[in-house]
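Fold and contact review
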Amino acid sequence: MFSKKNKLTIDQTRINLAPKDPYLESFLGKITTWALSVGRYLVIFTELTVIISFLTRFQLDRQVTDLNSSIVKQQRIIESYGDLEQNVRDVQKKILDYNQLKVGKPMKEIFEQLTAITPEEIKYQELDINSQKIIIHAHANSRQALDRFILNIQASNYFLNPVSDNISNKDSRTQGYDFQISAQIGELKTQDAATQ
């Protein structure tokens, strides 16, 4: 009586005679149903995120380790060049000082003039010479030697505008005076001042 076509249709039809749960029809039930259906996808997504971040951490740790070792190597290289850099700066400073002196007065001329006006009782401690100026730090064994040196440098045509600074007797147990004199360096002229 039934054709094959009708038999297939009856088999595909499902009848649910169980009553629906009133809880599932309520607002809270709908939220629970939605949470159970969507929640499993959220759990899977969260687990995937955790696994990916866990695997990424190994790669990032490796990169950090490589960067740290690279930084240590670079620091060692830079530290090894530290002395070289300081040496280069020292050489540059010496070259600059030399160039300043080169354009200034000949050193031989300056020392000849200093020797000519310096009494024997004067001992030089430090000379600061540049192209235009000389600063003398010295020690005089007596007041007379100091006065003679000051008079000689004032009478000199080569050392101009001398200024005496810091004349002192630091220690009363030692004789003499420590002093500083600065003067401009002029052109070499015939000196009439007699050196004593």
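Parameters and conventions
- Residues numbered from 1 in each chain as written.
- Predicted model: local features only at pLDDT ≥ 70, side-chain atom pairs only at ≥ 80, totals over all residues.
- Heavy atoms only, no water.
- Pairing = 2+ DSSP bridges.
- Helix = DSSP H or I, 4+ residues; strand = E, 2+ residues; numbered from the N terminus.
- Axes fitted to C-alpha atoms, helices over the stretch in contact; angles between N-to-C directions.
- Core = buried A, V, L, I, M, F, W, Y, C linked by side-chain atoms within 4.5 Å.
- Buried < 20%, exposed > 50% of the residue type's maximum accessible area, 1.4 Å probe, protein only.
- Contact = heavy atoms within 4.5 Å.

As a further point, take the sheet that holds strand β4 (residues 177–185). Spatially, four strands are ordered β1-β2-β4-β3 in an open sheet, and the strand pairing comes out antiparallel. Each edge of the sheet is formed by a strand with only one pairing partner; in this case those strands are β1 (122–129) and β3 (159–168). Pairs of neighbouring strands in the sheet enclose a mean axial angle of 20°, with direction left out of account. Examined bridge by bridge, β3 and β4 share six bridges and lie antiparallel to one another. Along β4, the bridge assignment pairs Asp165 with Gln180.

The next point concerns the nonpolar core. Counting 20 residues, the largest nonpolar core has Ile110, Ile122, Ile134, Ile136, Phe149, Phe159 and Phe179 as the members making the most contacts within it. At the level of secondary structure, the elements contributing two or more residues to this core comprise α5 (107–117), β1, β2 (133–140), α6 (143–155) and β4. If you tally residues by element for this core, the top one is α6, at five residues. Those residues in contact with Phe149 that lie beyond four places of it in its chain are Ile117, Thr118, Pro119, Ile122, Tyr124, Ile136, Phe179 and Ile181.

Read these as layout, nothing more, since geometry by itself doesn't imply function.
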